[in-house]
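Each chain, written out:
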Amino acid sequence: MATEQTTAAELRAPEASALREAVALEHRPGRPSPVSATLTYTWRALLKIKHVPEQLFDVTVSPIIFTLMFTYLFGGALAGDVTTYLQFLLPGILVQAVLFTTIYTGYTMNNDITKGVFDRFRSLPVWRPAPIVGALLGDTVRYTIASIVTLTLGLVLGFRPSGGVVGVVLGVLMLLVFAFALSWVFTILGLLMRSPNAVMGTSMMVLMPLTFASNIFVDPSTMPAVLQGFVDVNPVSHLVTAVRGLMAGEPDLTAVTWVLVASVVLTAALAPITMRLYRNRS
Amino acid sequence: MSPSSTDDLAIEARGLVKHFTSGKSVTKAVDGIDLTVPEGTVLGVLGPNGAGKTTAVRMLATLLRPDAGTATVLGHDVVRDADKVRSVVGLTGQYASVDEDLTGTENLVMLARLYGFLGGSARARSTELLDAFGLGDAGDRQVKTYSGGMRRRIDLAASLVMSPRVLFLDEPTTGLDPRSRNQVWDIIRVLVADGATVLLTTQYLEEADQLADKIAVIDHGRVIAEGTATELKRSVGQGAVHLRLADSAQRARAAELVATVLGAEVSLANDPYAFSARVPDDGGPAVARLLPALDDEGIAVPEFSLGQPSLDEVFLALTGQPLDEDPGASDDETIEEVA
Ligand SMILES: Nc1ncnc2c1ncn2[C@@H]1O[C@H](COP(=O)(O)OP(=O)(O)OP(=O)(O)O)[C@@H](O)[C@H]1O
Ligand SMILES: [Mg+2]
């Protein structure tokens, strides 16, 4: 069937008269607003999820595997029983799942650059940050999916957050804000590196220590002093503390403030660098 | 818009330079290029691989900042007024720059929205373009399923969403089969007839000859010759006669005869039936005597042509390096229909 379609379309040579009409545009519309341009790029990101659903595979499967693995592997040993451990682990695993998803931001961006799609974007008369901000907004959809998958599995396994629906939603929102801010690290990598896979590899190297040397899996008070020092300054630990607190209905205001400030600082510092790289990328 | 006179320049570049440094080595990709393209005309930028064509186009299309020199498009500076330039130019890069994962329609609707078409008008614009480019039936398929020729057309359509007055086409037909190439040529002719200014780069002499009002030959980042196809050819010499005989055994004798009549050197072609000879400056009358003289000797000449030198010879004379002549034969990419 595909063959027939191709041939039919291929044989129909462009009609000169239709072409003439199409290029003789009577009315040129004005520039789109920054918001409209950004949302158009977000729409593109969503279309890509629709056409390449495989990209959701990692987003959905790895949180499932991690949750199951850590809950049943360590649950008994660490907390005495699986359900108790799950209350501790789930907010952390949620943070990990979403943070790993941010890597795709840099990966997709680098793909667009290598394929020449960004060249076209850069040759359009639109608000310059629109392609990047639009893509990042589209990525938050992926983060949301990862969150929903992890939470659903958690609930099935026995996760019972005392913060209730409000606490959980606030926790997820907090996580999305931070993930959006962190994505700028990956846009920079995406613009600097030569290939999508190089971006992937480097990003993993950054995220692995940040997530494992944190308070996601175990209480840091059981760790050696040196490691504890790192865990205490690790931004991921603060994020996990904030999300955990919100979901448990006992918000840790210091951690929440810390995360919000860090998000603002990351964005304020890294977004301009991203834009400069984007403008000058040759 | 300024009052337009016929010699208004659509594109003007002065001393454009772009060098790429990697480690210790410096590539002088573009090394001082001047170009002028009057409105409504076609400039063909002709050069071999690595000549600097893409780099030059990227600078003119505001994708790359020149190291030195200035360029304006319809009077807007490509660095200072980059945004104004972007709103009047369309670019079809050397490599397809549509999103392969999206369908043809989605690609065009997205671009139409980015150019400011709202809601339904974006979709209408997309449909109009797809139909005009013979892609009406393929609009709902992902671009990755398109054949090479279809990809080029959707890429061209994407550059024409807002009917730019200036169009940059970087090797628009490289890798296409002759039929698709002709389709692209026809599209370009329609655009030009409609008043667009086109700067197209190509490695193919025939293409520049067919489409361009003026040709700039570039090599190693510099313009080494500029003019109309005729002027370039004339700068090399008067032209040549090309003969192809019925019997290859007669070639030696025929060549000798032609050399004597014309008073010029003869070059034998690889084809054992064919040879050619340069026509000397005052060789007109001698050319007229060639066929009767051959006939007297009983040599049949089924093919005889008198032509100006080919652009290939021009290139050879200018650079000391021949060019690929046949676009179809030398391609490393072959384009087939998708199965
Ligand atoms: N981003 C870059 N970094 C380093 N070198 C580059 C870059 N872009 C181009 N070059 C070099 O600059 C020179 C000119 O390249 P360019 O792509 O402009 O040539 P071209 O005429 O378009 O060639 P082709 O016909 O193969 O497309 C080449 O030697 C190329 O390797
Ligand atoms: Mg090129």
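Residues numbered from 1 in each chain as written. Chains lettered and ligands numbered in written order. Predicted model: local features only at pLDDT ≥ 70, side-chain atom pairs only at ≥ 80, totals over all residues. Heavy atoms only, no water.

### Considerations on the overall build of chain A
- From N to C terminus, chain A includes 12 helices and zero strands.
- Along chain A, helices and strands appear, N-terminal first, in the series α-α-α-α-α-α-α-α-α-α-α-α.
- Based on the C-alpha atoms only, the size of chain A along its principal axes is roughly 80 × 45 × 35 Å.
- A separation threshold of at least 6 residues defines the contact pool for chain A, and within that pool the share at least 24 residues apart is 78%.
- With 18 positive and 15 negative side-chain charges, chain A shows a spacing of 11 Å between the two charge centroids. (Helix = DSSP H or I, 4+ residues; strand = E, 2+ residues; numbered from the N terminus. Contact = heavy atoms within 4.5 Å. Lys, Arg positive; Asp, Glu negative; His and termini not counted. Charge placed at Lys NZ, Arg CZ, Asp CG, Glu CD.)

### Section: the packing of helix H5 (residues 82-115) of chain A against helix H7 (residues 130-157) of chain A
All names here are of chain A.
- Remark: H5 packs on H7, axes separated minimally by 9 Å, with the N-to-C direction vectors making an angle of 155 degrees. When the interaxial angle is binned, H5 and H7 end up roughly antiparallel. Along this stretch, H5 crosses H7, giving a crossing that reads as right-handed. Counting all contacts with H5, which are made through Leu86, Leu90, Ile93, Leu94, Ala97, Val98, Thr101, Thr102, Tyr104, Thr105, Thr108 and Met109, the residues of H7 involved are Ile132, Leu136, Asp139, Arg142, Tyr143, Ala146, Ser147, Thr150, Leu151, Gly154 and Leu157.
- Per-class residue counts for the contact of H5 with H7 are 14 nonpolar, seven polar and two charged. (Axes fitted to C-alpha atoms, helices over the stretch in contact; angles between N-to-C directions. Parallel < 35°, antiparallel > 145°, perpendicular 65-115°, else oblique. Left-handed = near helix turned anticlockwise from the far one by under 90°. Nonpolar A, V, L, I, M, F, W, Y, C, P; charged D, E, K, R; others polar.)

### A word on the UniProt feature "transmembrane region" (unreviewed entry) in chain A
Residue and element names in this part refer to chain A.
- Here the UniProt-annotated "transmembrane region" (unreviewed entry) positions come out as residues 56-79, 85-109, 130-159, 165-192 and 255-278.
- Between the end C-alpha atoms of residues 85-109 the distance is 38 Å, and the span holds 100% helix and 0% strand.
- When the span residues 165-192 is considered, its composition is 100% helix and 0% strand, and the gap between its end C-alpha atoms is 41 Å. (UniProt positions renumbered as here; feature names shortened; annotations may be inferred.)

### Section: the side chain of threonine 202 of chain B
All names here are of chain B.
- Following the sequence through the fold, threonine 202 ends up in strand S8 (residues 197-202).
- When its relative accessible area of 1% is taken as the criterion, threonine 202 is described as buried.
- Discounting chain neighbours no more than four positions away, the residues touching threonine 202 are Val45, Leu46, Gly47, Lys53, Glu171, Glu207 and Ala208. (Buried < 20%, exposed > 50% of the residue type's maximum accessible area, 1.4 Å probe, protein only.)

### Focus on the site of ligand 1
Residue and element names in this part refer to chain B.
- Neighbouring ligand 1 are 14 residues; Asn49, Lys53, Thr54, Thr55 and Glu171 lie closest to it.
- In the model, an oxygen atom of ligand 1 is placed 2.8 Å from a nitrogen or oxygen of the lysine 53 side chain.
- Glutamate 171 places a polar side-chain atom, nitrogen or oxygen, 2.8 Å from an oxygen atom of ligand 1.
- Of all the elements in the fold, those that place two or more residues in the shell around ligand 1 are strand S2 (25-38) and helix H1 (53-60).
- In terms of residue count, H1 provides more of the shell around ligand 1 than any other element does, three residues in total. (Near = heavy atom within 4 Å. Polar contact = N/O pair within 3.5 Å; in protein donor to acceptor, adjacent residues only side chain to side chain.)

### Re the environment of asparagine 215 of chain A
Residues and elements named next belong to chain A.
- Residue placement: asparagine 215 occurs in the loop between helix H9 (196-212) and helix H10 (225-233).
- Asparagine 215 sits in the buried class, given a relative accessible area of 8%.
- For the pair asparagine 215 and leucine 176, spaced 39 residues apart in sequence, the C-alpha separation works out to 19 Å.
- Setting aside residues no more than four positions away along its own chain, asparagine 215 makes contact with Phe88, Pro220, Val231, Val236, Ser237, Val240, Thr241 and Arg244.
- Of the polar contacts made by the side chain of asparagine 215, one reaches the backbone oxygen of serine 237; its length is 3.3 Å.

### Thoughts on the pairing of strand S10 (residues 222-227) of chain B
All names here are of chain B.
- Relative to S10, strand S9 (residues 214-219) runs antiparallel, the two sharing five bridges. The partner of alanine 216 across the bridge, within S10, is glutamate 226.
- The antiparallel hairpin formed by S9 and S10 contains two residues in its connecting segment, where histidine 220 sits at a positive phi of about 50 degrees. (Pairing = 2+ DSSP bridges.)

### Considering the confidence of the model for chain B
Residues and elements named next belong to chain B.
- Taken as a whole, chain B shows an average pLDDT of 85; of its residues, 89% reach a score of 70 or greater.
- pLDDT under 50 marks residues 1-6. Its contacts with residues more than four places away, or in other chains, come to four contacts.
- With pLDDT under 50 throughout, residues 324-339 is counted as low confidence; its partners more than four residues away or in other chains account for 30 contacts.
- Confidence metrics for the complex model read pTM 0.81 and ipTM 0.84. (pLDDT = per-residue confidence, 0-100.)

### Quick notes on the coordination of the magnesium ion (ligand 2)
All names here are of chain B.
- Here the magnesium ion (ligand 2) is held by Thr54 (OG1) and Gln94 (OE1), and the distances to it run 1.8 to 2.1 Å. Of this pair, threonine 54 sits in helix H1 while glutamine 94 sits in the loop between strand S6 (89-92) and helix H3 (104-114), placing them 40 residues apart in sequence.
- For threonine 54, a relative accessible area of 26% puts it in the partly exposed group. (Donors = N, O, S within 2.8 Å, 3.2 Å for Na, K, Ca; no water.)

### A look at the sheet that holds strand S11 (residues 240-244) of chain B
Residues and elements named next belong to chain B.
- Taking strand neighbours across the sheet as the criterion, the four strands line up as S12-S13-S11-S14 in an open arrangement whose pairing is antiparallel. Strand pairing shows two members of the sheet lacking a second neighbour, strand S12 (266-268) and strand S14 (303-307), which therefore form its edges. On average, each strand axis in the sheet is tilted by 20 degrees relative to the strand beside it, whichever way the strands run.
- Two elements, S11 and strand S13 (residues 274-278), share five bridges in a ladder whose sense is antiparallel. Residue pairing for S13: arginine 244 is matched across the bridge by alanine 274.
- Where helix H9 (residues 251-262) meets the sheet, its contacts fall on S11, S12 and S13, and the angle it forms with S13 comes to roughly 10 degrees.

### Regarding unusual backbone geometry
Residues and elements named next belong to chain B.
- Positioned with a positive phi, leucine 74 is a non-glycine residue whose angle comes to about 45 degrees.
- In this fold, leucine 74 is placed in the loop between strand S4 (68-73) and strand S5 (76-77).
- Even without being a glycine, histidine 220 presents a positive backbone phi close to 50 degrees.

### Some thoughts on the packing of aromatic side chains
Residue and element names in this part refer to chain A.
- Tallying each qualifying case throughout the model produces nine aromatic pairs over all chains.
- Taken together, a centroid distance of 4.8 Å and an interplanar angle of 75 degrees make the contact between tyrosine 41 and phenylalanine 121 edge-to-face. Placement of tyrosine 41 in helix H3 (residues 34-51) and of phenylalanine 121 in helix H6 (residues 117-122) is noted, with a sequence separation of 80 residues between them.
- Residues phenylalanine 118 and tyrosine 278 carry aromatic rings whose centres are separated by 5.5 Å and whose planes lie at 90 degrees to one another, so their mutual orientation is edge-to-face. In this pair, phenylalanine 118 is assigned in helix H6 and tyrosine 278 in helix H12 (residues 253-280), connecting sequence segments 160 residues apart.
- Overall, the relative accessible area of 1% leaves tyrosine 278 in the buried class.
- Each member of the aromatic cluster is reached from another via a ring pair, and the members are Tyr41, Phe118, Phe121 and Tyr278. (Phe/Tyr/Trp six-rings, centres within 6.5 Å; stacked < 30°, edge-to-face > 60°.)

### Considerations on the pairing of S11 of chain B
- Pairing of S11 of chain B with S14 of chain B involves five bridges; the strand directions are antiparallel. Bridged to arginine 244 of chain B within S14 of chain B is glutamate 303 of chain B.

### A short note on the UniProt feature "domain: ABC transmembrane type-2" (unreviewed entry) in chain A
- According to UniProt, the positions carrying the feature "domain: ABC transmembrane type-2" (unreviewed entry) are residues 54-281 of chain A.
- For the annotated span residues 54-281 of chain A, helix accounts for 83% and strand for 0% of the residues, and the straight-line distance between the end C-alpha atoms is 29 Å.

### What about the interface of chain A and chain B?
- On the side of chain B, 56 residues touch chain A, which itself brings 51 residues to the contact.
- Summed over both partners, the interface of chain A with chain B buries about 4900 Å², with 57% contributed by carbon and sulfur atoms.
- Note that glutamate 106 of chain B is salt-bridged to lysine 50 of chain A, the shortest N-O span being 3.6 Å.
- Between chain A and chain B we count 12 residue pairs in polar contact (both at pLDDT 80 or more) in total.
- Residue assignment for the side of chain A that touches chain B shows that the elements contributing at least two residues are helix H1 (2-11), helix H2 (16-23), H3 and H6 of chain A.
- Along the lines of polarity and charge, the residues of the side of chain A that touches chain B split into 25 nonpolar, 10 polar and 16 charged. (Buried area = accessible area lost by both parts, 1.4 Å probe. Salt bridge = Lys/Arg side-chain N within 4 Å of Asp/Glu carboxyl O.)

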